[in-house]
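# Observations on chain architecture
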Amino acid sequence: MNDPVSRLESRWRHRGVDLVLVQWKQTIGLYKLVVPVKGQGMGSQVLQDIQAVAVRHHKNITVTPSIVYGGESLGRVKKFYRRSGFRGASKEMVWEASR
């Protein structure tokens, strides 16, 4: 577990967050983000940490918003990602490290 993305996943899992990230050349794919308690800012903290790693390693972040893991509505989930700087009106949303 030498790479920064794996360390990030491990650190948040120890705090009860169900987090799945996958790396490609220029992208970090955010496949799952489920926090133990909603409304406490933990999800935003996780995204900020992922964004910090992305900036340091010049990678964009992609996510496909879904309510599969307990989101109240797809619109609310997309709003959460938009507040953190993700863009995209289609199925996939992207956060660019150059922002």
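Now for a look at the structure at hand.

Conventions we followed
Residues numbered from 1 in each chain as written. Predicted model: local features only at pLDDT ≥ 70, side-chain atom pairs only at ≥ 80, totals over all residues. Heavy atoms only, no water. Helix = DSSP H or I, 4+ residues; strand = E, 2+ residues; numbered from the N terminus. Expected span 1.5 Å × (residues − 1). Buried < 20%, exposed > 50% of the residue type's maximum accessible area, 1.4 Å probe, protein only. Contact = heavy atoms within 4.5 Å. Core = buried A, V, L, I, M, F, W, Y, C linked by side-chain atoms within 4.5 Å. Pairing = 2+ DSSP bridges. Phe/Tyr/Trp six-rings, centres within 6.5 Å; stacked < 30°, edge-to-face > 60°.

## Some remarks on helix α2 (residues 42-56)
An α-helical turn contains 3.6 residues, so a residue and the one three or four places further along point in the same direction. When the terminal C-alpha atoms of α2 are compared, their 21 Å separation across 15 residues agrees well with the 21 Å that a helix rising 1.5 Å per residue should span. Within the span of α2, buried status applies to Met 42, Gly 43, Val 46, Leu 47, Ile 50, Gln 51, Val 53 and Ala 54. Its buried side turned inward, α2 meets α1 (4-13), β1 (18-23), β2 (27-34), β3 (60-63), α3 (74-83) and β4 (93-95). Trailing α2 by a residue or two, His 58 shows a phi angle of about 55°, which is positive.

## Some details on the nonpolar core
Counting 25 residues, the largest nonpolar core has Leu 19, Leu 30, Leu 33, Ile 50 and Tyr 81 as its most contacted members. Elements represented by at least two residues in this core include exactly α1, β1, β2, α2, β3, α3 and β4. Element by element, the count of residues in this core is highest for α2, at six residues. The contacts of Leu 33, once residues within four sequence positions are left out, are Val 17, Asp 18, Leu 19, Gly 43, Val 46, Leu 47, Phe 80 and Tyr 81.

## Focus: unusual backbone geometry
With a phi angle near 55°, His 58 is a residue other than glycine that sits in the positive phi range. Position of His 58 relative to the elements: it lies in the loop between α2 and β3.

## Here we look at the pairing of β1
Relative to β2, β1 runs antiparallel, the two being bridged by six bridges. Following the sheet pairing, Gln 23 is matched in β2 by Ile 28. If you look at the hairpin formed by β1 and β2, you'll find three residues sitting between the two strands.

## Focus on the packing of aromatic side chains
One pass over the structure, following the stated rule, counts three aromatic pairs. Here the aromatic rings of Trp 24 and Tyr 31 are separated by 6.2 Å at their centres, their planes lie at 55°, and the arrangement is tilted. A centroid spacing of 5.3 Å and a plane angle of 75° characterise the contact between Tyr 81 and Phe 86, whose relative ring orientation is edge-to-face. The same class applies to Tyr 81 as to Phe 86, namely buried.

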